[in-house]
Amino acid sequence: MPVTGTCLCGAVRFRVKRMSGIVECHCSMCRKAAGGHAGFFFVAMRDEVTWDGAEHLTVHRSSPGLERSFCSRCGTAMTGANLVTPDDTIILAANALDEPVPARVIASEHTASKASWFDGHDAAPACEGPWPGWRDLKP
Ligand SMILES: [Zn+2]
Ligand SMILES: [Zn+2]
């Protein structure tokens, strides 16, 4: 079964035949690009990726020789930091994946740059639905 990823607004979709395990990156660039305490990425073979709506991707060169892309309509990260001169693989953004996903997180990296505000979830309340505390949440 192919694996798909879509952006929040639905303008961009990727479909891959096979995917690697998912790597969690805590570096500050991945946190900003993917919009969370870490970025989550996996690798696919470039010639096994089919794009719909690729014209809606905006490419950002985040470091010399590396570029990332996101949906220009809704901002969803769609790729990780890929070589500007591509090889036969591509790094895709796991945040865009649709269920079911036949892979799991296999490693985390750059934990030395971990966000100071994120120490894991274990001590925080976890709710299957919305957290009722939103109603009274103030700075
Ligand atoms: Zn979008
Ligand atoms: Zn990173």
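See the structure above.
The numbers attached to residues start from 1 for each chain and follow its sequence in the written order. Lettering of chains starts at A and numbering of ligands starts at 1, both following the order in which they are written. With the structure being a predicted model, the display of local features is reserved for residues of pLDDT at least 70 and the display and counting of side-chain atom pairs for 80 or more, all residues being used for whole-chain, interface and lining totals. Note that water and hydrogens are dropped before the side-chain values are worked out from all heavy atoms of the structure.

A. Quick look at the coordination of the zinc ion (ligand 1). The protein atoms donating to the zinc ion (ligand 1) are Cys 7 (SG), Cys 9 (SG), Cys 71 (SG) and Cys 74 (SG), with metal-donor distances spanning 2.3 to 2.4 Å. For the zinc ion (ligand 1), the 4 donor atoms in the first shell make angles of 104 to 112 degrees at the metal, so the coordination geometry reads as tetrahedral. Here the donor residues of the zinc ion (ligand 1) are spaced in sequence according to C-x1-C-x61-C-x2-C. Of the two residues, Cys 7 is situated in the loop between β1 (3-6) and β2 (13-16) and Cys 71 in strand β7 (residues 66-71); the sequence distance between them amounts to 64 residues. Overall, Cys 7 belongs to the buried group, its relative accessible area being 4%. Accessible area is worked out with a 1.4 Å probe on protein chains only. A residue is then buried under 20% of its type maximum, exposed over 50%, and partly exposed in between. For Cys 71, a relative accessible area of 1% translates into the label buried. Water is not part of the atom set, so a site may look incomplete; the donors themselves are N, O and S atoms within 2.8 Å of the metal, or 3.2 Å for Na, K and Ca. The rule is simple: four donors are tetrahedral if all their angles sit between 85 and 135 degrees, four are square planar and six octahedral if opposite donors span more than 155 degrees and the others lie between 65 and 115, and anything that fits none of that is irregular. Secondary structure counts use DSSP, requiring at least four H or I residues in a row for a helix and at least two E residues in a row for a strand, with both numbered from the N terminus.

B. Molecular detail of the sheet that holds strand β8 (residues 82-83). As summarised here, the arrangement of the 3 strands in space is β6-β7-β8, forming an open sheet in which the pairing is antiparallel. Strands with a single pairing partner mark the edges of an open sheet, and in this sheet they are β6 (57-63) and β8. The criterion for strand pairing is that DSSP finds at least two bridges linking the strands in question. Here β6 runs beside β7; their pairing, made up of 6 bridges, is antiparallel. Pairing of His 60 across the sheet is with Arg 68, part of β7.

C. Local environment of the layout of surface pockets. By volume, the largest pocket is sized at about 230 Å³. Surrounding the largest pocket, 17 residues form its lining, Cys 25, Cys 30, Phe 41, Ile 91 and Glu 109 being those nearest its centre. For the lining of the largest pocket, the secondary structure elements donating two or more residues are β3 (22-25), α1 (28-34), β4 (39-45) and β7. Gly is put with the polar residues, along with every residue not named as nonpolar or charged; the nonpolar set is Ala, Val, Leu, Ile, Met, Phe, Trp, Tyr, Cys and Pro, and the charged set is Asp, Glu, Lys and Arg. The residue inventory of the lining of the largest pocket, partitioned by class, reads 11 nonpolar, 4 polar and 2 charged. Points on a 1 Å grid over protein atoms alone make up a cavity when a 1.4 Å probe fits among them but cannot get out, and a pocket when they form an open set with protein on both sides within 12 Å along at least five of seven lines; lining residues each have an atom within 4 Å of a point. Grid points are joined across faces, edges and corners, and a volume is the space filled by probe spheres set on the points. The volume enclosed by the second largest pocket comes to roughly 180 Å³. Around the second largest pocket, the lining comprises 13 residues; the ones closest to its centre are Arg 46, Glu 67, Ser 69, Thr 79 and Ile 90.

D. Fine view of the coordination of the zinc ion (ligand 2). At the metal site, the zinc ion (ligand 2) is ligated by Cys 25 (SG), Cys 27 (SG) and Cys 30 (SG), and these contacts range over 2.2 to 2.3 Å. For Cys 27, a relative accessible area of 13% translates into the label buried.

Note that all results are geometric; they support no functional claim without further evidence.
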